[in-house]
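Single-letter residue listing:
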Amino acid sequence: MVFAFFGSPADGRDDPVERTHDLGREVLGVLREFLAAPEFTDARLAVVTRGAVAPQSHDDVHDLPASAVWGLVRSAQSENPGRVLLLDLDGLDLDGRDASLRALAGAVASGEPQLALRDGVAYVPRLVHDDGAKRLAPPEGSAAWRLGLTGHGSLDQLALVDCPDNTRPLGRGEVRVALRAGGVNFHDVVVALGMVEDPRPLGGDGAGIVVEVGPDTAEFAVGDRVMGLFNGTGPLVITDVRMITRVPAGWSYAQAATTPSAFLTAYYGLADLAGLRAGEKLVLHAATGGVGLAAVQLARHWRAEVYATAGPAKWHALRERGFDDRHIASSRALDFEERFRAAAGSVDVVLNSLAGDFMDASLRLLAPGGRFIDMGRTDVRDPEEVGARYPGVVYRAFDLVGGAGPDRIQQMLAELSTLFENGTLRPLPTTPWDIRRAPEAFRYFSQARHIGKIVLTLPTALDPEGTVLITGGTGTLGAATARHLVAHHGVRRLLLISRRGPDAPGPRSWRPN
């Protein structure tokens, strides 16, 4: 067995597109040399990457350029059966990496052509049936539905429910939007689990296209791409024009859906309620979540010093954003108080999403005159009691929409839009799920496995005037896919790509006139 390692630098500073091309050339050279060398005729080549594939649904891919290596090597495997092994090891988890190295010999001896080792466990790719029964189904015959609940206390109560109100006539200052993607927030999950009561619809922030404007409403026009706060998450939603802004050029709908509630919450909490100033010290809990990463960007823009907590498995995301060990602690253990006190002495502001003893440890870190801004939902305190127990500390819990109101939200969106457009602020990391798999997305959220924001994408019909590109389109599977698209989805323009192109035997037999 000959091992060849390919990957990107750990600091991730290389341009990912350039690195992808460089890795492709490197791998192709090694493959050609190995396969042509007579001394390696009876040997196998193991092409090794780290964190280049996602063994389980929605696992993180830490080395995206190396993912392209897998696509290239699979082609070599199909042409040289048994000669090449693809092996992916743990990316950033050092404990898991050691366990996987111990399991390496047994995994290689299995004879599997493609393997991913995670914490000593070997994963192999298998084609399985998709269980369509697990998907949520929109109400039959309804054009206006949204994500809702048929009960509380279990994520199995999530459903797509009829929402005829979203087809009502619009009032002055309202727009109707065809939503393309909607964000999932912590509040949605605790409401679905029955931990917090709230009659408002689930979701509510997202991005889409304006399809209708109300009377005397000139701020937006039909066809505008917008992002903001809406009355739920479904194919048609309604909102006040003060609650939306235009999507920056070049952003996808999923990227735009990560920003409204996260950045508005962080902005309102830090600027309006905390009055965060340059040079002040901020403790930011759950700093790798949506609001957390938005707050990191805003606090740095305002030149504050940020001390961040997150689960240890996510510290790499903080280090990638310039945090050193002095400014990082665990959100799963109370020792963050000791660590930050040793590093900072005391702090000026806490933006909190934790509960119980973690709140008290955070309150003890605040200097006199410190501000504790609580966006949690499960342990709201009485401000007077907090002030009596921690003299000089100001405690404020808040709800964005109820606290800020439409006029202030409009002002904040305008200020944020300027920062998005000039590149000062960037969209958050995105983990997308089809809205029909919302229970899985909520469950994934509740396990705190993601970084950034979980986004629900909404199904849209294929544009009959558009073009569908099929890679490997001249083979048996590609041809079957093409016929299905034409027969069942009304597609009229297909672009089939393969290495043999028009010389492949299939296309000539079914090419349309």
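Everything quoted here is computed from the prediction, not taken from an experiment. (Residues numbered from 1 in each chain as written. Predicted model: local features only at pLDDT ≥ 70, side-chain atom pairs only at ≥ 80, totals over all residues. Heavy atoms only, no water.)

Draft legend 1. Structural context of the UniProt feature "domain: Enoyl reductase (ER)" (unreviewed entry) in the protein. In this numbering, the UniProt entry assigns the feature "domain: Enoyl reductase (ER)" (unreviewed entry) to residues 153–456. In the segment residues 153–456, helix accounts for 33% and strand for 26%; the C-alpha atoms at its two ends are 21 Å apart. (UniProt positions renumbered as here; feature names shortened; annotations may be inferred. Helix = DSSP H or I, 4+ residues; strand = E, 2+ residues; numbered from the N terminus.)

Draft legend 2. Just the environment of Arg-168, in detail. On the secondary structure map, Arg-168 appears in the loop between β7 (158–162) and β8 (174–184). Once the C-alpha coordinates of Arg-168 and Ile-238 are considered, the two residues, 70 residues apart in sequence, prove to be 9.3 Å apart. When neighbours within four sequence positions are excluded, Arg-168 is seen to be in contact with Glu-174, Arg-176 and Ile-238. Here Glu-174 takes part through its side chain, which lies 3.0 Å from a polar atom of the side chain of Arg-168. (Contact = heavy atoms within 4.5 Å. Polar contact = N/O pair within 3.5 Å; in protein donor to acceptor, adjacent residues only side chain to side chain.)

Draft legend 3. Expanded view of the packing of aromatic side chains. Within the structure shown, the criterion is met by 10 aromatic pairs. Taking the centre distance of 6.4 Å and the plane angle of 10° together, the rings of Phe-336 and Phe-358 count as stacked. Here Phe-336, found in helix α10 (residues 336–344), pairs with Phe-358, found in helix α11 (residues 357–365); they are 22 residues apart in sequence, far enough to count as distant. Judged by relative accessible area, Phe-358 falls into the partly exposed class, the value being 21%. Seen from their ring centres, Trp-433 and Tyr-444 are 5.6 Å apart, and the 55° between their planes marks the pair as tilted. Of this pair, Trp-433 sits in strand β19 (residues 430–434) while Tyr-444 sits in helix α14 (residues 438–446); the two residues are 11 residues apart in sequence, bridging distant segments of the chain. For the pair Trp-433 and Tyr-444, one class covers both residues: buried. (Phe/Tyr/Trp six-rings, centres within 6.5 Å; stacked < 30°, edge-to-face > 60°. Buried < 20%, exposed > 50% of the residue type's maximum accessible area, 1.4 Å probe, protein only.)

Draft legend 4. Region of the structure containing the packing of helix α7 (residues 260–273) against helix α13 (residues 400–421). One can describe the packing of α7 onto α13 by two numbers: an axis separation of 9 Å at closest approach and a directional angle of 105°. Looking at the two axes, α7 sits roughly perpendicular to α13. Counted together, Ser-261, Phe-263, Leu-264, Thr-265, Tyr-267, Tyr-268 and Asp-272 of α7 and Leu-400, Gly-403, Ala-404, Arg-408, Ile-409, Met-412, Leu-413, Glu-415, Leu-416 and Phe-420 of α13 form the full contact between these two elements. (Axes fitted to C-alpha atoms, helices over the stretch in contact; angles between N-to-C directions. Parallel < 35°, antiparallel > 145°, perpendicular 65-115°, else oblique.)

Draft legend 5. Representation of the domain arrangement of the protein. Assigned domains within the protein: domain 1 (2–123), domain 2 (141–258 + 427–457), domain 3 (269–401) and domain 4 (467–503). For domain 1 versus domain 4, the separation of C-alpha centres amounts to 29 Å. (Domains from an automatic or database assignment.)

Draft legend 6. Examining the sheet that holds strand β13 (residues 281–284) more closely. Ordered in space as β15-β14-β13-β16-β17-β18, the six strands form an open sheet in which the pairing is parallel. Looking at strand neighbours, the two that pair on one side only are β15 (328–330) and β18 (394–397), the edges of this open sheet. If you compare each strand with its neighbour and ignore which way they point, the axes differ by 15° on average. Here helix α8 (residues 290–301) sits on the sheet and contacts β13, β14 (305–310) and β16 (347–352); the angle it forms with β13, its principal contact strand, is near 170°. (Pairing = 2+ DSSP bridges.)

Draft legend 7. Focus on the sheet that holds strand β2 (residues 45–50). If you trace the five strands from one edge of the open sheet to the other, you get β1-β2-β3-β4-β5, paired in mixed fashion. Since the sheet does not close on itself, it has two edges, and those belong to β1 (2–5) and β5 (121–123), each with one partner. For this sheet, the mean angle separating the axes of adjacent strands, direction not counted, is 25°. Of the strand pairs in this sheet, strand β3 (residues 84–89) and strand β4 (residues 114–118) are connected by three bridges, and their pairing is parallel. Residue Leu-86 lies in a different strand from β4, and its bridge partner there is Gln-114. Helix α2 (residues 64–79) rests against β2, β3 and β4 of the sheet, and its axis sits at about 160° to β3.

Draft legend 8. Region of the structure containing unusual backbone geometry. Residues other than glycine seldom take positive phi values, yet Asp-119 does so here, at roughly 55°. Checked against the element boundaries, Asp-119 lands in the loop between β4 and β5. Positive phi, close to 65°, is recorded for Arg-303, a residue that is not glycine. Locating Arg-303 in the fold gives a position in the loop between α8 and β14. Arg-303 gets classed as exposed once you look at its relative accessible area, which sits at 61%.

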